[in-house]
Amino acid sequence: MIRTGEQYRESIRDGRAVYVNGEKVRDVPTHPMFRPLVDIRARIYDMAHDPAHAEVMTVTQDGQVNAVGNALPYTQDDWWAKRRATDEVLNTVGGIVTRVGDETVGEMWSLHDGADVLAEIDPQFARNIERHIHEVLRGDPFHVSANTDPKGDRSKAPQDQDPDMLLHVVKETDAGIVVRGAKYETAAAYANQAFTKPTIANWGSESMSDYAVGFICDLGSPGLKFICRTGFAGRAPAEDYPLANKFDEVDTIVIFDNVLIPWENVLFYRHTRAATFIRATLHRYSAFAFVQRNLKLADMMIGAALFNARQTGLEKQQAVQEKLSQLAVYREGINAHLTASIALGERSPSGLMMPNQSLLYTGRVLACSQLHEMMHIARELCGGQICVTPDAASFRHPETAPWMEKYYSINDDWVAEDRRKLLAFARDMLNSDYAGHRLTFQLFAQAPPFAHLAAVYRNFDWDGPLAFVKDAAGLSDRVLGGRTLTPDDSGVTKWSDPKTRNAAE
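Report on the accompanying structure. (Residues numbered from 1 in each chain as written. Predicted model: local features only at pLDDT ≥ 70, side-chain atom pairs only at ≥ 80, totals over all residues. Heavy atoms only, no water.)

## A few points about helix 5 (residues 105–113)
An α-helical turn contains 3.6 residues, so a residue and the one three or four places further along point in the same direction. Formally: We call a residue buried when its accessible area falls under 20% of the maximum for its residue type, exposed when it is over 50%, and partly exposed in between, using a 1.4 Å probe and counting protein chains only. Here a helix means four or more residues in a row that DSSP labels H or I, a strand means two or more in a row labelled E, and each is numbered from the N terminus.
With 9 of 9 residues buried, helix 5 is to be regarded as a mostly interior element. Looking only at helix 5, the buried set comprises Val-105, Gly-106, Glu-107, Met-108, Trp-109, Ser-110, Leu-111, His-112 and Asp-113.

See the structure below:
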């Protein structure tokens, strides 16, 4: 059953060792750098109990009410429900958060698809996966994922340097495995558990490696240390930096200092084949929520830019309309990929409904690779005032307020206070430390750009273009090397041809 916000807050008061800004945190839920996101996460839990939101935020399965984000997807309708729930959250909190649980639990469903591969290694691993997927449904933890290691010198194998540069198993016991190393993870300091898996790296062996390990980590486990980057919340007044003070998801390096992972939490271990499979399929579901966040960011940029153009009377200029149209094209490109990935969904090896993989991954490349250009366009449209406008205190001080009122009021519709709020919002979204952090985060959060393109390469249907050119150019069958090509777009054909549509559904 879905927890309440207060139950979530109490669940992270487990004595964990959290450090930020040179201090050890006494109480994570009330610490000023963590509290804004803890409050948002708690609000998401409470939305499931609120009659105004419950219908969108929950689903009833086998007589139990579960969070939509945690529910396994079997149909296109399941994906529409997930999309609606995410929009409901972001609209309600008034901004963008990435680590709210719905994007990371999707990585567990990739394990569900790989159960056969893992069962060949150890049948217990497959059973562990099934159990944890259903425990997420029943227990509704704040579930995140731990991925990136410090890595060290990437030209060397892990055994040829400090072995802790990559998380690895140092000992097996009757109770489980003992691991050492470190992982970076956003929101780990205020989450309940993490799917911890190997990074993209040289594991030191082609077949067996202590670095090829994946498990569910209880983030209250003894031996964990959470060393966080300094948060943006509280650095400056919220009136001047409304996004940084509310939506900064604090990133953490999680130190595993001989941490025991019970055998029932181990999902795969030692076999590099399993680790490679998991890395290759990791984002087949979770990329959807990640890309959907970019759609909402595009809406924020369009809204800020368009309001700015309208309040200064520039919207009618052709040059301004062209730039606004570029933002709209970016936004609708993301929207089209998300929508089409549901409409042309695919059956996974375990029978789940996956978003169309080629469309989803190409949408991710579009959303991330063009984000910096779109931010620059939005910055141009908002103008230089986002970097020169005085702070909110200047609009309040009795000696300066009249001047601010005089020079920032345009007409009865746009008075100084509304203009100040708009410019502060745009500045924090486009120009602040927080804005730079978010841009880099979106570029690398699920994988670096080359890995995004590698996912496209693995999932694009190359047969259609090859078959078309072979026939159009009159090439012989010899060029196929004995292969048989599937003509046309297989994803479209599956859903448009009545003969194959039932199987796709």
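## Concerning unusual backbone geometry
A positive phi angle, near 55 degrees, is found at Asn-258, a position not held by glycine. One non-glycine residue, Arg-270, lies in positive phi territory at about 80 degrees. Mapped onto the elements of the fold, Arg-270 is located in strand 12 (residues 266–271).

## Points about the nonpolar core
Keep this limit in mind: By nonpolar core we mean a set of buried residues, namely Ala, Val, Leu, Ile, Met, Phe, Trp, Tyr and Cys, connected to one another through side-chain atoms within 4.5 Å. What makes two residues a contact is simply this: any of their non-hydrogen atoms within 4.5 Å.
Counting residues in hydrophobic clusters, the biggest one holds 133 residues, and the most contacted among them are Phe-34, Tyr-190 and Met-301. In terms of residues, this core owes the most to one element, helix 10 (residues 286–311), which gives 11 residues. Those residues in contact with Met-301 that lie beyond four places of it in its chain are Leu-327, Tyr-330, Leu-371, Met-374, Met-375, Ala-378, Met-429 and Leu-430.

## Looking at a nonpolar patch on the surface
Our working rule: Any residue with relative accessible area above 30% and no salt bridge may belong to a patch, with like charges joined within 9 Å and the nonpolar Val, Leu, Ile, Met, Phe, Trp and Tyr side chains within 5 Å. In short, Shrake-Rupley with a 1.4 Å probe defines the accessible areas, and a residue's cover is counted only from the protein chains shown. Salt bridges are identified by distance alone: a Lys or Arg side-chain nitrogen within 4 Å of an Asp or Glu carboxyl oxygen.
Judged by side-chain polarity, Tyr-457, Phe-460, Trp-462 and Leu-466 come together as a nonpolar surface patch covering roughly 440 Å² of accessible area. Inspection of the secondary structure assignment puts Phe-460 in the loop between helix 19 (449–459) and helix 20 (463–473).

## Some remarks on the environment of Asp-140
Examined against the element boundaries, Asp-140 turns out to sit in the loop between helix 7 (123–139) and strand 5 (143–146). Since its relative accessible area comes to 4%, Asp-140 is described here as buried. Between the C-alpha atoms of Asp-140 and Arg-3, which are 137 residues apart in sequence, the distance is 6.5 Å.

## Some details on the pattern of salt bridges
Taken as a whole and assessed by the stated rule, the structure comprises 31 salt bridges. In this structure, the salt-bridge partner of Asp-14 is Arg-16, at a minimum N-O distance of 2.9 Å. According to the relative accessible area criterion, Arg-16 is buried, its value standing at 9%. A salt bridge links Arg-229 to Asp-248, with the shortest nitrogen-to-oxygen separation between them at 2.5 Å. In this pair, Arg-229 is assigned in the loop between strand 10 (224–228) and helix 8 (244–247) and Asp-248 in the loop between helix 8 and strand 11 (251–262), connecting sequence segments 19 residues apart. On the accessibility criterion, Arg-229 (21% relative accessible area) is partly exposed. Among the residues examined, Asp-248 registers a relative accessible area of 3% and is labelled buried. In this structure, a network of salt bridges that share partners links the residues Glu-6, Arg-9, Arg-35 and Asp-39.

## What to know about the sheet that holds strand 9 (residues 208–218)
Test applied: At least two DSSP bridges between two strands are required for those strands to pair. Between the N-to-C directions of two axes lies an angle of 0 to 180 degrees, each axis being a line fitted to C-alpha atoms and, for a helix, fitted only over the stretch in contact.
Taken together, 4 strands build an open sheet; the order of strands is 5-8-9-12 and the sheet is mixed. Each edge of the open sheet is held by one strand with a lone partner, namely strand 5 and strand 12. Between one strand axis and the next, the sheet turns through 20 degrees on average, direction left out of account. With 4 bridges joining them, strand 5 and strand 8 (residues 193–196) adopt parallel strand pairing. Within the sheet, the bridge partner assigned to His-143 lies in strand 8 and is Gln-193.

## With respect to helix 10
To be explicit about the condition: For a helix, the expected span equals 1.5 Å multiplied by the residue count minus one.
For helix 10, spanning 26 residues, the distance from its first C-alpha to its last is 39 Å, which sits close to the expected 38 Å at 1.5 Å a residue. Of all the 26 residues making up helix 10, 20 are buried; the element is thus mostly covered by neighbouring parts of the structure. Looking one or two residues beyond helix 10, the residue adopting positive phi is Gly-313, at roughly 75 degrees.

## Focus on the sheet that holds strand 7 (residues 176–186)
Reading across from one edge, 2-1-10-11-7-6 is the order of the 6 strands in this open sheet, with mixed pairing throughout. Pairing within the sheet leaves two strands with one partner each, and these edge strands are strand 2 (23–24) and strand 6 (168–172). Sheet analysis places strand 10 next to strand 11, joined by 5 bridges and oriented antiparallel. Of the residues in strand 11, the one forming a bridge with Ile-227 is Ile-253.

## Side note on the packing of helix 5 against helix 7
Condition: Angle categories: roughly parallel below 35 degrees, roughly antiparallel above 145, roughly perpendicular from 65 to 115, and oblique for all the rest. Whether a crossing is left-handed or right-handed is set by the direction in which the near helix is turned from the far one by less than a right angle, anticlockwise for left-handed and clockwise for right-handed. Just so you know the grouping, Ala, Val, Leu, Ile, Met, Phe, Trp, Tyr, Cys and Pro go in nonpolar, Asp, Glu, Lys and Arg go in charged, and all remaining residues, Gly too, go in polar.
Contact geometry of helix 5 with helix 7 gives a least axis separation of 9 Å together with a crossing angle of 150 degrees. Taken as axis vectors, helix 5 and helix 7 run roughly antiparallel relative to one another. The handedness of the crossing between helix 5 and helix 7 comes out as left-handed. Residues Val-105, Met-108, Trp-109, Leu-111 and His-112 of helix 5 touch helix 7, and the partners they reach there are Ile-129, Glu-130, His-132, Ile-133 and Val-136. Of the residues in the contact of helix 5 with helix 7, the class split is 7 nonpolar, 2 polar and 1 charged.

Keep in mind these values describe shape, not function.
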